[in-house]
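# Observations on the model geometry
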Number of protein chains: 2
Amino acid sequence: MKKSLKELKELAKICRADILKMTTVAKSGHPGGSMSSIDLYLSVFNVANIDPENPYDPKRDRVVISHGHTSPGVYSALARLGFFNPDDVLAGFRHPGSIFEGHITRGIPGVEWTTGNLGQGLSAGVGMALASKITGADYRVFVLHSDGESPKGQIAEARRTAVKEKLSNLTVLVDYNDIQISGRARDVLFVDIAKEYEADGWKVLEVDGHDFEQILNAIEEAKNYKLGPTVIIAKTIIGKGVSFMENRHEYHGAPLKEDALEKALKELGVENDIEKYKEMRSKLPLIREKLEFEDNTVVAEPETPIVYTKKDKIDNRGAFGNAIADLAKANKGKVPVVAVDCDLKPSVKLEKFEKVAPENYVQIGIQEHNAATIAGAMSVCGVVPFFVDFGVFGLDETFNQQRLNDINHTNLKTAVTHCGIDIGEDGKTHHEINYVGIVRSFFDTKLIVPADPNQTDKAVRYAASTPGNVVIAMGRSKIPVILNEAGEPFFGEGYTFEYGKMDILRKGEKVTILTHGSVAHKAVNVADKLKEEGIKITVINVSAPLEFDAAKIKEYIENTEVIIYEDHNKYNGLFVEFSKSVVENGIKPAGIEVLGVDNYSPSGSNALLFKIFKLDEESLYEIVKEKISK
Amino acid sequence: MKKSLKELKELAKICRADILKMTTVAKSGHPGGSMSSIDLYLSVFNVANIDPENPYDPKRDRVVISHGHTSPGVYSALARLGFFNPDDVLAGFRHPGSIFEGHITRGIPGVEWTTGNLGQGLSAGVGMALASKITGADYRVFVLHSDGESPKGQIAEARRTAVKEKLSNLTVLVDYNDIQISGRARDVLFVDIAKEYEADGWKVLEVDGHDFEQILNAIEEAKNYKLGPTVIIAKTIIGKGVSFMENRHEYHGAPLKEDALEKALKELGVENDIEKYKEMRSKLPLIREKLEFEDNTVVAEPETPIVYTKKDKIDNRGAFGNAIADLAKANKGKVPVVAVDCDLKPSVKLEKFEKVAPENYVQIGIQEHNAATIAGAMSVCGVVPFFVDFGVFGLDETFNQQRLNDINHTNLKTAVTHCGIDIGEDGKTHHEINYVGIVRSFFDTKLIVPADPNQTDKAVRYAASTPGNVVIAMGRSKIPVILNEAGEPFFGEGYTFEYGKMDILRKGEKVTILTHGSVAHKAVNVADKLKEEGIKITVINVSAPLEFDAAKIKEYIENTEVIIYEDHNKYNGLFVEFSKSVVENGIKPAGIEVLGVDNYSPSGSNALLFKIFKLDEESLYEIVKEKISK
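Remember, predicted model here, so these are calculated numbers, not experimental data. (Residues numbered from 1 in each chain as written. Chains lettered and ligands numbered in written order. Predicted model: local features only at pLDDT ≥ 70, side-chain atom pairs only at ≥ 80, totals over all residues. Heavy atoms only, no water.)

### Notes on the sheet that holds strand β2 (residues 141–146) of chain B
All names here are of chain B. Our working rule: Whether two strands pair comes down to DSSP finding at least two bridges between them. Every helix listed is a DSSP run of H or I at least four residues long, and every strand listed is a run of E at least two residues long, numbered separately from the N terminus. Lines fitted to C-alpha atoms define the axes, with helix axes restricted to the stretch in contact, and inter-axis angles between N-to-C directions lie between 0 and 180 degrees.
The strand order β1-β2-β3-β7-β6 describes an open sheet built from five strands, whose pairing is parallel. Each edge of the open sheet carries a strand with a single partner, namely β1 (62–65) and β6 (203–208). In this sheet, adjacent strand axes meet at a mean angle of 20 degrees when their direction is disregarded. Here strand β3 (residues 170–176) runs beside strand β7 (residues 230–235); their pairing, made up of six bridges, is parallel. Bridge pairing links Y176 to K235 in β7.

### Let's talk about helix α16 (residues 399–407) of chain A
All names here are of chain A. Where we set the bar: For every residue, the accessible area (1.4 Å probe, protein chains only) is compared with the maximum for its type, and the residue is labelled buried under 20%, exposed over 50%, or partly exposed between those bounds.
Where burial is concerned, most of α16 is hidden: nine out of the nine residues are buried. F399, N400, Q401, Q402, R403, L404, N405, D406 and I407 are the residues of α16 that are buried. Positioned one or two residues after α16, H409 has a phi angle of 50 degrees, which is positive.

### Quick notes on the pattern of salt bridges
Side-chain pairs of opposite charge can arise where the charged atoms are in close proximity. Rules: We count a salt bridge whenever a side-chain nitrogen from Lys or Arg sits within 4 Å of a carboxyl oxygen from Asp or Glu.
The tally for this structure, following the rule as stated, stands at 78 salt bridges over all chains. In this structure, the salt-bridge partner of B:E101 is A:K428, at a minimum N-O distance of 3.1 Å. Here B:E101 is found in the loop between α4 (86–92) and α5 (121–135), whereas its partner A:K428 is found in the loop between β12 (413–417) and α17 (435–440) on a different chain. On the basis of relative accessibility, which here comes to 4%, the residue B:E101 falls in the buried class. Across the salt bridge formed by B:K133 and B:E165, the nearest N and O atoms sit 3.9 Å from each other. Here B:E165 lies in the loop between α6 (153–164) and β3 and B:K133 lies in helix α5, a separation of 32 residues in the sequence. Residue class for B:K133 comes out partly exposed when judged on its relative accessible area of 48%. In this structure, a network of salt bridges that share partners links the residues A:R159, A:R160, A:E196, A:D200, B:R159, B:R160, B:E196 and B:D200.

### Points about the nonpolar core
The following threshold applies: As used in this record, nonpolar core signifies buried Ala, Val, Leu, Ile, Met, Phe, Trp, Tyr and Cys residues forming a set joined through side-chain atoms within 4.5 Å. Note that the domain bounds reflect an automated or database-derived domain assignment. Here, two residues are considered to be in contact whenever any of their heavy atoms come within 4.5 Å of each other.
B:F353, B:F386 and B:V624 are the most contacted members of the largest nonpolar core, which has 69 residues in total. Two domains each provide a minimum of three residues to this core, namely domain 2 (313–480) and domain 3 (503–628) of chain B. When neighbours within four sequence positions are excluded, B:F386 is seen to be in contact with B:F320, B:I324, B:V337, B:V338, B:A339, B:V340, B:K413, B:A415, B:V460 and B:A464. Judged by nonpolar contacts, the second largest core, of 68 residues, contains A:L350, A:I448, A:V624 and B:I181.

### Quick notes on the domain arrangement of chain A
All names here are of chain A. Keep this limit in mind: Throughout, the accessible surface (probe 1.4 Å) given up by two parts as they are put together, summed over both, is called the buried area.
Domain boundaries assigned for chain A yield domain 1 (5–282), domain 2 (313–480) and domain 3 (503–628). Relative to domain 3, the C-alpha centre of domain 2 lies at a distance of 26 Å. On the side of domain 3, 32 residues touch domain 2, which itself brings 26 residues to the contact. With both chains or domains summed, domain 2 and domain 3 bury close to 2,300 Å², and 58% of this area falls on carbon and sulfur atoms. Its largest share of buried area at the contact with domain 3, domain 2 owes to I421, I433 and R440, together 29% of the area lost on that side.

### Observations regarding unusual backbone geometry
For A:R94, which is not glycine, the phi dihedral falls at a positive 65 degrees. Mapped onto the elements, A:R94 comes out in the loop between α4 (86–92) and α5 (121–135). Classification of A:R94 by relative accessible area gives buried; the value is 2%. Located in the positive-phi region is B:K27, a residue other than glycine, with phi close to 55 degrees. Inspection of the secondary structure assignment puts B:K27 in the loop between α1 (5–26) and α2 (31–47). The exposed category is assigned to B:K27, whose relative accessible area is 72%.

Structure below.
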């Protein structure tokens, strides 16, 4: 049941009171911007096709609020429109025993994306709108952002993709209250928001953001515009509705004291009942249960692996390219497997994919922040997206976007190529030598570093068919298929990928090499060479370095000379996981040697670079011989 | 001696041949864009006030090339204008035995900023132009960027700051060749570059980028425009100068084979002498010496520390605010101490600073990527900048900008507040619980996590007076001054800050707590409480977690129950450094317990959050008691 104009006006008053009450009860929060945005929130949630009784319907409209600190406004609007009980918000806001956190959180009915770090919301909305084009689910997307965050470059990036993709199902509303923490927005940093949107090709409407009729008419006009996205710039007043709060930046992030609240509620004509909520709050548990919700994520069928034989010499990124093309083709008509690219198609091996599934290929251009968030948001809207990029862009440049994806519990597959100094000549700005260290920062993302093309193929299929975030890190150069001692592909027919399982590539004694990724085959070569000399050593591939568990391979570590051998920052990779695990398990190796990258590398062929960092086979051979002769 | 038009045209031909020769000799590199940019490079380096004989003069003009992959173009232009010997480039390009890396590198005469990851160059140029306003050094700044990277949001951010700060000493030249890796730029992602610059308030000129007269006239016009920055959009042709390379995106990143080179050089009318360079290349050492250069960095005088007494209760960020204001005031007229802010002035305590040194206060607004690069670039131009921000913005959001600062060996001081779950109610998007893990990724950046306001004051003075990058990580809440066993401030009068030194706050036996930052005082409280019960334990403050050295405090670790106690992601903080160090040193504690943050935290007061993660004093007390009774 949609509300009438009169009802909306009445609700707006109640919501303003809610905003003030919950921030005063919590003694924390952002009332000012909530009160400037609240009429927009009520308008959008009233118009949007979301059923409070069935808020996770995959066909619902999506509303993304980018300025997540206006949570009091969002929560009050949703509560008063029937999405949940207002009392729970008023008592629980910003308490660990409640789901109503300081910044809005995905999973709360009506909330599609956890925000708080400004400037990412528009990309999330673009991702959701793009997904609807691919799945055919006919929903609209609304994004609300503030003027204070408008300078964030990621918003400019998202604007361009929205126009390129002709996203007429996307409507943006900007809360233009001209106030931010440090004062007037135009003084802090002037942005001509209308002109910038226009320059990027958007239809621009301007309204009074406290006039429901104007807002609703503009939303309707945007809906009827079919050539592309529309932005509605809404002129608003911070603190709107309470005389002494209006246009005062002091109320951006500070709640009212109880006496000021009393005055404000009188002005609004709403009863002051905060004692009730203070009482309720005092009885909340220390910490709530996990927020459970239907998350609309899908997974693909893994289909039949491609097996590379010992005659094949292919790079892991090539095996990735084959696998994702195969997955897209085989899952057609069932689950869309999508690739999100940043102008690196030939290098990241997406040409085959684009041929078999052009409708699922998304070219974002050189806008990695935007791409990472778009891909993350798509992953919760019925498709299985792979964000494909060089390591330095897909992880380092987009660290915080990936962190927000992680916080959002997305279903994103990030395939990064060009990891390690293996990439050679492009030099240190392009050497991603921190893929283990970066993913270690996240709590909800798996990391796989496959050792050869066969393991890559299986890892890609595992990622596509398993819910949750997975990063697959690959090098650049062609590497041989790793063979078992019988001379057959180790990761061939009989092999099943299991996340966290370590692969005993060679068994020996006295010396154990722990390795992963594009140098693993070199360790095998050294072991095989030594075997010819009658010396047997152990080589273990740790394809999931963050799951390293010393207890599981204790027999190969305790009282053994251990060599960590990785194309990675030596202070921040497998050595870290190894050390933590042996300390926790009280295991003591006989000795430890770490071979890795100990500083920024110069440019050069990877053969020369491996030599410089003692990651070449000859150096490894010498080091093992030395350990043996100890 | 500036070159004539005729000489420039002649040089352009030679440089184009150089570009082709060096990429063919290296079998790697980017000839296409180098050939579209080369006429711009020759024009700018010819006009710029840089003396090849004295290329590090602090008063020189600065040229920043944002699309660093066009290194063959940059190197050939500089070499042919007398900055270094062309032979060294032609033979050494992309070889580890040479300084001429795949992407241009700061320190090579004429190269001001290491680039390669696109979109950061304009911010660097803005930083350099801003620094000249503060130091009064009267130089111009030229920034060149490509059309392919124009979508990067950071460029939009930098544009706005340039206009806000009226940087009429800044001229930008855009190489608009309309080609990038995946094809025509307008197809990959259309950006109306002229319109966007106009929307942001720039003066826009357009020229034929292969017509020296037009280019030089436009540069002159820009120089005479005093109201703000100017952009010159130069229409160019990729591969320009060799018929079969023109307008072909295949030559973006692929060198010519030797037979094609022969043809191309014939067209250009330049002798093919690559055998000479191949011969020279074969004799290069495996790796060159470190690139040495005069880096124009300055440091401030530390001045007299402020000492807080046991009566004071102040937050570390407040102590930071006092220290930086004091440093700015005391160094006035000598070295400018600068603060770069992103609309967080009251929260990061810069109000006092702005009062005492308004001319050194830089407000970037909510544009953190831009701010991080601006601050980094300023730090190599005669000022001591502090980039001041919340932890999640100053480290997570700007990870790659900070990485590029690290690669550039800048002199940046990053002061991040609001670290840890200590910040409480704002919730997980705002909890920076990875400050140790992130800085561990860098090779050239120090990290200090001070334990109380006194140590903070000293750390800030240390950072300002020491060359190089330093990150200081602080919490949000007020904490007591830590006292020694005699009841006097531990970090008071007699204390000198020494980077990497661990502070033995309390001495005991059987149990050792290793801690840092805003929970350190809690560990001291627990130790003091236990002392009253007749139990003495050790508490060690590790203010530089990345320098943790178990060997130095072996007596407190070996056969001791060790507790790591930190307001940090428990898998990625001090526990990592501890584990690596005990493994490397073969030290074995009797037991290990890690208290830290093991998942994203909900919102809540920090008292409740500390309780949830067992970081409160009561939990620590219980855990210690349990260890003691073992």
